[in-house]
Amino acid sequence: MVDMGIADDDRKQIVEGLSKLLADSYSLYLKTHHYHWNVTGPMFQTLHLMFETQYNEQWTSVDLIAERIRALGELAPGSYAQFAALTSIPPTVGNPNAAEMIRDLVAGQATVVRTARALFLTAEKVNDQPTCDLLTQRMQMHEKYAWMLRSLLEN
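Draft legend 1. Quick look at the pattern of salt bridges. Applying the stated criterion across every chain, the model contains seven salt bridges. Salt-bridge contacts for D8 lead to R11; the nearest nitrogen and oxygen are separated by 2.9 Å. Placement of both D8 and R11 in helix α1 (residues 8–38) is noted, with a separation of three residues, approximately one turn of the helix. Put simply, R11 and E74 hold a salt bridge, and the shortest N to O gap is 2.9 Å. In this pair, R11 sits in helix α1 while E74 sits in the loop between α2 (44–71) and α3 (80–86), placing the two residues 63 residues apart along the sequence. Each of D8, R11 and E74 takes part in salt bridges that share partners, so that together they form one network.

Here it is as structure tokens:
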């Protein structure tokens, strides 16, 4: 039994949401790393470095999310099968060009933001400030990355 001032049902609902956030974050991390390895074209250097910056930050974030799940007394999902069942981010199909990669990553960033935002109200309602803080930080970072990526698509 974990008694931190959050009812068990609320705690488990938060963990369920954090597990989805972890799956989305890990899936976006893998996709971003994949694109870092495989991007080509005139924007290669810019995108290669941008994707590296983003996947490094995303790698750190998955650890923070998993550790929050553990702090709430539950096991964090950690297999490809678990992540595939939980994520809202579709896998990459084929070999996208640089512009398609950017559009796909913009969509992935937005998905992670929506997942975090959907959980925020639940965490806030039960005064789970550490989860709220984590969610706020994740939304801020993914909104920033989406903006940076979108700006590359403007003419």
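This is not the end of the story, as more comes after the structure.
Draft legend 2. Seen up close, the packing of aromatic side chains. One pass over the structure, following the stated rule, counts six aromatic pairs. For the ring pair Y29 and W59, a centre distance of 5.1 Å and an interplane angle of 45 degrees mean the geometry is tilted. Of this pair, Y29 sits in helix α1 while W59 sits in helix α2, and the two are 30 residues apart along the sequence. Its relative accessible area of 11% is what places Y29 among the buried residues.

Draft legend 3. Inspection of the side chain of S19 at higher detail. Mapped onto the elements of the fold, S19 is located in helix α1. A relative accessible area of 9% places S19 in the buried class. Excluding anything up to four places from it in sequence, S19 contacts I69, P77 and L86.

Draft legend 4. Expanded view of the nonpolar core. Of all hydrophobic cores here, the largest spans 40 residues; its most connected members are L18, F51 and L135. For this core, the elements supplying multiple residues, two or more each, are α1, α2, α4 (98–125) and α5 (129–153). Of the residues forming this core, the biggest block, eleven residues, is contributed by α4. What L18 contacts, discounting residues up to four positions off in sequence, is I65, R68, I69, L72, L119, T131, L134 and L135.

Draft legend 5. Main features of the layout of surface pockets. Here the largest pocket is characterised by a volume of approximately 260 Å³. Taken together, S27, L30, K31, H34, Y80, F83, A84, T87, I89, P90, P91 and T92 form the lining of the largest pocket. Secondary structure elements with two or more residues in the lining of the largest pocket: α1 and α3. Tallying contributions element by element places α1 first for the lining of the largest pocket, with four residues. Considered class by class, the residues forming the lining of the largest pocket number seven nonpolar, four polar and one charged.

Scoring rules and cut-offs
- Residues numbered from 1 in each chain as written.
- Predicted model: local features only at pLDDT ≥ 70, side-chain atom pairs only at ≥ 80, totals over all residues.
- Heavy atoms only, no water.
- Salt bridge = Lys/Arg side-chain N within 4 Å of Asp/Glu carboxyl O.
- Helix = DSSP H or I, 4+ residues; strand = E, 2+ residues; numbered from the N terminus.
- Phe/Tyr/Trp six-rings, centres within 6.5 Å; stacked < 30°, edge-to-face > 60°.
- Buried < 20%, exposed > 50% of the residue type's maximum accessible area, 1.4 Å probe, protein only.
- Contact = heavy atoms within 4.5 Å.
- Core = buried A, V, L, I, M, F, W, Y, C linked by side-chain atoms within 4.5 Å.
- 1 Å grid on protein atoms, 1.4 Å probe; cavity = no way out; pocket = protein on both sides within 12 Å on 5 of 7 lines; lining within 4 Å.
- Points joined across faces, edges and corners; volume = space filled by probe spheres on them.
- Nonpolar A, V, L, I, M, F, W, Y, C, P; charged D, E, K, R; others polar.

Purely geometric stuff here, so don't read any function into it on its own.
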